[in-house]
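So the chains spell out like this:
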Amino acid sequence: MSRALKISLSLVIVFAAALAVFLMVDRSGSPDAAAAEQAATDPASIAVRENSHRLNSVPDGRVTFVEFLDFECEACRSAYPAIEQLREEYGDRVSFVARYFPIASHFNAERAARAVEAAAQQGGFEAMYQRMYETQAQWGEQQVPQDELFRSFAVEQGLDMSAFDAAYTDPATLARIEADVADGIALGVQGTPTFFLNGTKIEPTTYGDLADALDAALG
């Protein structure tokens, strides 16, 4: 068996395991009425907003893959290698978008999202996004604030720390995250990770399912 095939099969196993431990959201309340109406009539327009974080963009914009994620979610962390593999294989033809959906029961999920968003304001979204998953075992499932650890990631990345600190505590940063959550709720997101392809929710069970969905969308 070739090394490439072994990696592919490993990703299938990892991805299936991630979905097997799919986390349900413990959020209450109903979606914003306007967002709910937009989601019902034009889900693609709410699945990706103008300010959504794009891990890459394809000029023709025909196919867009969106993940609603929680950086403390173990299922999201398990799926992360598969998403990176998809980006490597399809990044020249498919736009990949990441949207925040921190789950309330995860003590540091919102803090992690604020750290990523604060980094994004300095062009550091992808680096901090990756760092959160790479270190999740270190800080996930902790019932104490991890603010200083997240700040150390920003230091490592050479960010302007005065600007980072200000953004991390700015209510506007939290509002930006909550806007993603509101869109997710309007779209029917009930757990993480949840995936959308051109505005349509997809429910893959293997890496192959995801690849097949992208191939079909590409036509």
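This text follows the structure it describes.
Figured I'd write up the structure that's included with this text. Because the structure is a prediction, the values reported are computed rather than measured.

What counts and how
- Residues numbered from 1 in each chain as written.
- Predicted model: local features only at pLDDT ≥ 70, side-chain atom pairs only at ≥ 80, totals over all residues.
- Heavy atoms only, no water.
- Core = buried A, V, L, I, M, F, W, Y, C linked by side-chain atoms within 4.5 Å.
- Buried < 20%, exposed > 50% of the residue type's maximum accessible area, 1.4 Å probe, protein only.
- Contact = heavy atoms within 4.5 Å.
- Helix = DSSP H or I, 4+ residues; strand = E, 2+ residues; numbered from the N terminus.
- Pairing = 2+ DSSP bridges.
- Right-handed = clockwise from strand over helix to strand, strands pointing away.
- Salt bridge = Lys/Arg side-chain N within 4 Å of Asp/Glu carboxyl O.

On to the nonpolar core. The tendency in soluble globular proteins is for nonpolar side chains to be buried as a group. Among the nonpolar cores identified, the biggest contains 48 residues, and Phe 65, Phe 71, Tyr 129, Met 132 and Phe 164 are the most heavily contacted of them. Residue contacts for Tyr 129: discarding those within four places in its chain leaves Leu 55, Glu 67, Leu 69, Phe 71, Tyr 80, Ile 83, Glu 84, Ala 98 and Val 116. Of all hydrophobic cores here, the second largest spans 12 residues; its members include Ala 47, Val 48, Val 97 and Val 189.

This part is about the pairing of strand E3 (residues 64-69). Within E3, 6 of the 6 residues are buried, leaving the element largely enclosed by the surrounding structure. Where E3 and strand E4 (residues 95-100) come together, 6 bridges link them in parallel fashion. Paired with Thr 64 across the bridge in E4 is Ser 95. Handedness of the crossover joining E3 and E4 through helix H4 (residues 74-90): right-handed. In terms of strand pairing, E3 meets strand E6 (residues 194-197) through 4 bridges, oriented antiparallel. Pairing of Val 66 across the sheet is with Phe 196, part of E6.

Another aspect to go through is the pattern of salt bridges. Using the criterion set out here, one finds 12 salt bridges in the structure. As a salt-bridge pair, Arg 87 and Glu 126 come within 2.8 Å of each other at their nearest N and O atoms. Of this pair, Arg 87 sits in helix H4 while Glu 126 sits in helix H6 (residues 125-134); the two residues are 39 residues apart in sequence, bridging distant segments of the chain. We classify Arg 87 as buried; its relative accessible area is 15%. Between Arg 99 and Asp 183 there is a salt bridge whose closest N-O contact spans 2.8 Å. Note that Arg 99 is positioned in strand E4 and Asp 183 in helix H10 (residues 171-186), a separation of 84 residues in sequence. Given a relative accessible area of 1%, Arg 99 falls into the buried group. Residue classification places Asp 183 among the buried residues on the basis of a relative accessible area of 5%. The network of salt bridges with common partners includes Arg 49, Arg 99, Arg 176, Asp 180 and Asp 183.

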